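Survey of secondary and tertiary structure
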Amino acid sequence: MTDTAPRELPLQELDEVIIRFAGDSGDGMQLTGDQFTSISAALGNDLATLPEFPAEIRAPQGTLAGVSAFQVRISDFAITTPGDAPTVLVAMNPAALKAQLHNVVQGGAIIINTDAFNERNLEKAGYESNPLDDGSLEGYRIYPVPMSQITRDAVAEHGVKPRDAERSKNFFALGLISWMYTRPVEPTMEFINTKFRGKELVIKANEAAFHAGYNFGETAELFESHYEIKPASLPSGEYTNVNGNTALAWGCVAAGQLARLPVFLGSYPITPASDILHDLSALKNFGVRTFQAEDEIAAAASAVGAAFGGALSFTTTSGPGVALKGESLGLAVSLELPLVVIDIQRGGPSTGLPTKPEQADLMMAMYGRHSESPMPIVAPKSPADCFDAAIEACRIALRYRTPVMLLSDGYLATSSEPWLLPDVDSLPDIGVDFHTGFNGTNEDGEGIFLPYLRDPETLARPWAIPGTPDLMHRIGGIEKEDGSGNISYDPENHQKMVNLRAAKIEAIDVPDVEVAGDVDATFCMLGWGSTWGAIDAAVERLQKNGKKVAHVHLTHLNPLPKNLGDVLSTFDKVICPEMNDGQLVNLVRAKYLLDVRPVNKMNGVPFTTAEIESAALQAMEAS
Amino acid sequence: MTDISPRTEPGDWATDQEVRWCPGCGDYSILTAMRMLMPELEVDRENTVFISGIGCAARFPYYMNTYGMHGIHGRAPAIATGLAMARPDLDIWVIGGDGDMMSIGGNHLIHALRRNVNINILLFNNMIYGLTKGQFSPTSEVGKVTKSSPMGSLDAPFNPMSVALGAEAAFVARTHDMDRHHMMEMFRRAHAHKGASIVEVFQNCNVFNDGAWEGITKKQNRDGNLISLEQGQPIRFGADGEFGVVVDNGAAKVVSVADVGVEALLVHDERKADPSTAFMLSRLSRGPFEPTPIGVFRAVERIEYATSSTSQLAMAHDNQGSGDLASLLRSRGTWQV
């Protein structure tokens, strides 16, 4: 603590700010961003986050490849995206500045750790001259801060070695930003004490660094003002901040409770899906059994086995894993067993971009199994929506006895938003009954069990699990006779079974789409999954500029909502922004013969609001 | 036991499905052994599950009046692992051939064995691909001439017992399709073992690899070429027990008992914690033309996988209490608006 009297700085009110913390992947930027998010959430701001990190665990220090960033947008109004461009960049080293500068809005603030701008680091980042003095940062508000040095000085009194002291500089940055945006100190002190419990020296160092940063803002005559962002007027209730992967894990647990079934997860670690495995592995007191399999195939196959035994079965993965699971999913289609596959889509082909999102597995989800193997597809539209999507996927899987694909992506997986917690008692009952008695008779009039005798309403077959007396039966991947389930190579039976499997999926009770924005518009944007936030924000901007625009967003991709064709045909023009090369466009064109126009982006970065706004304006103007 | 009638008869374990293996296939005798064993195990049909992959052997579940799944090629151990974890109360048998288990499903087999999941794996080894009509398999001998290897197979074969022992299997046994009594005994032992058990069954494919095992399993060859491993007994064979097995220079070796004396023979101990001796025995024979051990190579106790999984659930329950969804959703901090 310093005893300098605080300066009286003007407090300016802002409606929002978009801050991007950027540093080396070892600099703790994700932790810093997370903590800033938590404090802001507690203050009642609306917020959205966008973490960005390299696939490598420790890419070479100081290089562009090693830059890790965390963008958080906080506001006093309701928002749906983490914002297009940061208004504030915290750059911990030259590489972070170089990698992130192009993102920052013109005139934006850049807070720079000047201590890291030595010759060696500049060279590693590929700077030929020091951007701090070559004029290349003109047009931005630059705040040079010797973060490393001040941090070292601040922690020295606690006996921290200079080498270790450096590690606390992210807390210095957090302290400084907390001061700038008038965030309270106490929550971060609590966080440090919980997070580093048992490591007294680390706690002291981080606390000292945080205070040093906070006080630096107050005392250094560098900043002209500090800012306040009032709470947003959100629907009242209890909120938590949740990212997509955690919401999915919680959704899986909730679905197990709502179906009164034990949860089984067969999984193989893969970015960006592993966190679901981690989260569920820690929830054993909910009766959740997790199995880290030897490969993606075994992960899916084990889930099929558990489903046969009567568990609510999941397998979690990303695109390359879905490719490997294909045969097991075909088996599940043929066995007509409930199973939920969670695909956190990432850039491809092949290994592609493990940490970057794409929505390019839609066709694989639709058609990525041999022969006619239809699977329902559910796609959450926001991080918190992942919770509901998991429950909905389970509802469909259980009611119709089918594997279901849930398509999230790397963006939803790691970004977070405030979530108005549901009343758990109001969540839907998705339980189904196991079959326990005969459902047919043989020629002698004795009771028999027909494992493929379908429910006339849902076309689902009875789910009789091992251990049920008298209902012993065999099922398999070979074509089965309708009703008895016995092996059948009969041509007519196969045609019938193909038709039945298709009809069952087609008839799933998915909700109709609703038109958001201007219902009477002639122009519509069609989206699915994680593009919801950006499209929604673009609609709002377009409307502010006097445009009429409608938004139709799909969270069910197979079957498509029954009213979709009719709804879309009411518009003169429909564009479809998606992070792939036009996959939904192809599906919709094929199904409804409608000229939906593609707007595609595949650079591993989610759509910005501006990109969608501009695509919409272009499309509206085009004749 | 004789005055208590068993809960079931062998016929209760048969289904109404026509068995469609080629006439003369070794699978028939394995099926008969299994149906005869079941009543003796005093188990219920509804608590018994047969899981298979793809191949001739994989049709097995359709012929057992239990719960069953005919899965996909090679994945039966993985499917069974999921089932065994979800339902530790069940008796699960996994049936597959040498192609299914050692080739396309090799990975799942070794991992199921090392985890010690409570499943009984029967590996029907006929050293050939039957269902795809006669290509060499991962247990075929080098030089095997088949449709896909007209100039002879180049692949060095797997020895399933060595693979299983290398994969940390706790129960490893071998039998053959010409000896129903021995098969039943091995299956019984496999069933009694808590954890993953593997039984290799030398099985004749009379269409694509007829007589492949005859050099050791034909009646007149058994005395000289089948070594029955008996727990606690010196390992010896021959019509009059004139041959035996010793360990010599780090390897098992066949000797004449007259030359070395009974005391020098290796005494079989399937319960040895260290698998090295069992491994030596698995390497004794290079193929079905010289003395080959059958019986239980290894039977040691190791904690069963689903049991461990269940104890972790119980421990979590004890430490954290029964999971409460409303609290879970609040576990990362909340705020009121």
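Right, let's talk about the overall build of chain B for a bit. On a plain count of helices and strands, chain B comes out with 12 helices and 12 strands. Summarising its shape, the C-alpha atoms of chain B cover approximately 90 × 55 × 50 Å along the three principal directions. Counting across all 337 residues of chain B, residues that qualify as buried make up 57%. Counting only carbon and sulfur atoms, one obtains 52% of the accessible surface of chain B, whose full area is about 14,000 Å².

Glancing now at the domain arrangement of chain A. Residue and element names in this part refer to chain A. The assigned domain composition of chain A is domain 1 (11–229), domain 2 (240–426), domain 3 (433–509) and domain 4 (515–621). A C-alpha centroid distance of 41 Å is found between domain 3 and domain 4. Facing the 4 residues of domain 3 at the interface are 4 residues of domain 4. Contact between domain 3 and domain 4 buries roughly 330 Å² in total, counting both sides, with carbon and sulfur atoms accounting for 44%. Contact with domain 4 buries surface across domain 3, with Ile 505, Glu 506 and Ile 508 losing the most and accounting together for 97% of the total. With its nearest N and O atoms 3.5 Å apart, the salt bridge here joins Glu 506 to Lys 591. Of the residues belonging to the side of domain 3 that touches domain 4, the class tally is 3 nonpolar, no polar and 1 charged.

All names here are of chain A. Taken in spatial order, the 6 strands line up as β3-β4-β2-β5-β6-β7 in an open sheet, and their pairing is mixed. Of all the strands in the sheet, the pair left with one neighbour each is β3 (46–52) and β7 (141–145). The mean inter-strand angle of the sheet, taken between neighbouring strand axes irrespective of direction, is 15 degrees. Pairing analysis gives 4 bridges linking strand β5 (residues 88–91) to strand β6 (residues 109–113), with the strands arranged parallel.

Residues and elements named next belong to chain A. Turning to its location among the elements, Trp 528 is positioned in strand β21 (residues 523–528). The buried category is assigned to Trp 528, whose relative accessible area is 0%. The sequence separation of Trp 528 and His 556 amounts to 28 residues, and the corresponding C-alpha distance is 8.2 Å. Residues in contact with Trp 528, not counting those within four places in the same chain, are Gln 345, Gln 359, Leu 362, Ala 379, Leu 407, His 553, Leu 554, Leu 557, Glu 578, Asn 580 and Leu 584.

As for its placement among the helices and strands, Gln 345 of chain A is situated in strand β13 (residues 339–345). In terms of polar contacts, Gln 345 of chain A uses its side chain to reach the backbone amide nitrogen of Ala 360 of chain A, at 3.4 Å.

On to the pairing of strand β6 (residues 197–202) of chain B, then. Within a regular strand, side chains alternate between the sheet's two faces. Residues and elements named next belong to chain B. Within β6, 6 of the 6 residues are buried, which leaves the element mostly enclosed by the surrounding structure. Burial along β6 is two-sided: the residues Ser 197, Val 199 and Val 201 and Ile 198, Glu 200 and Phe 202 are all buried. Across 6 bridges, strand β4 (residues 120–125) lies against β6 in parallel orientation. In the sheet register, Leu 123 faces β6, and the bridge partner there is Glu 200. As defined by bridge partners, strand β5 (residues 171–176) adjoins β6 across 6 bridges and the pair is classed as parallel.

Reading the values: the criteria
- Residues numbered from 1 in each chain as written.
- Chains lettered and ligands numbered in written order.
- Predicted model: local features only at pLDDT ≥ 70, side-chain atom pairs only at ≥ 80, totals over all residues.
- Heavy atoms only, no water.
- Helix = DSSP H or I, 4+ residues; strand = E, 2+ residues; numbered from the N terminus.
- Buried < 20%, exposed > 50% of the residue type's maximum accessible area, 1.4 Å probe, protein only.
- Areas by Shrake-Rupley, 256 points an atom, 1.4 Å probe, with all protein chains shown as cover.
- Domains from an automatic or database assignment.
- Contact = heavy atoms within 4.5 Å.
- Buried area = accessible area lost by both parts, 1.4 Å probe.
- Salt bridge = Lys/Arg side-chain N within 4 Å of Asp/Glu carboxyl O.
- Nonpolar A, V, L, I, M, F, W, Y, C, P; charged D, E, K, R; others polar.
- Pairing = 2+ DSSP bridges.
- Axes fitted to C-alpha atoms, helices over the stretch in contact; angles between N-to-C directions.
- Polar contact = N/O pair within 3.5 Å; in protein donor to acceptor, adjacent residues only side chain to side chain.

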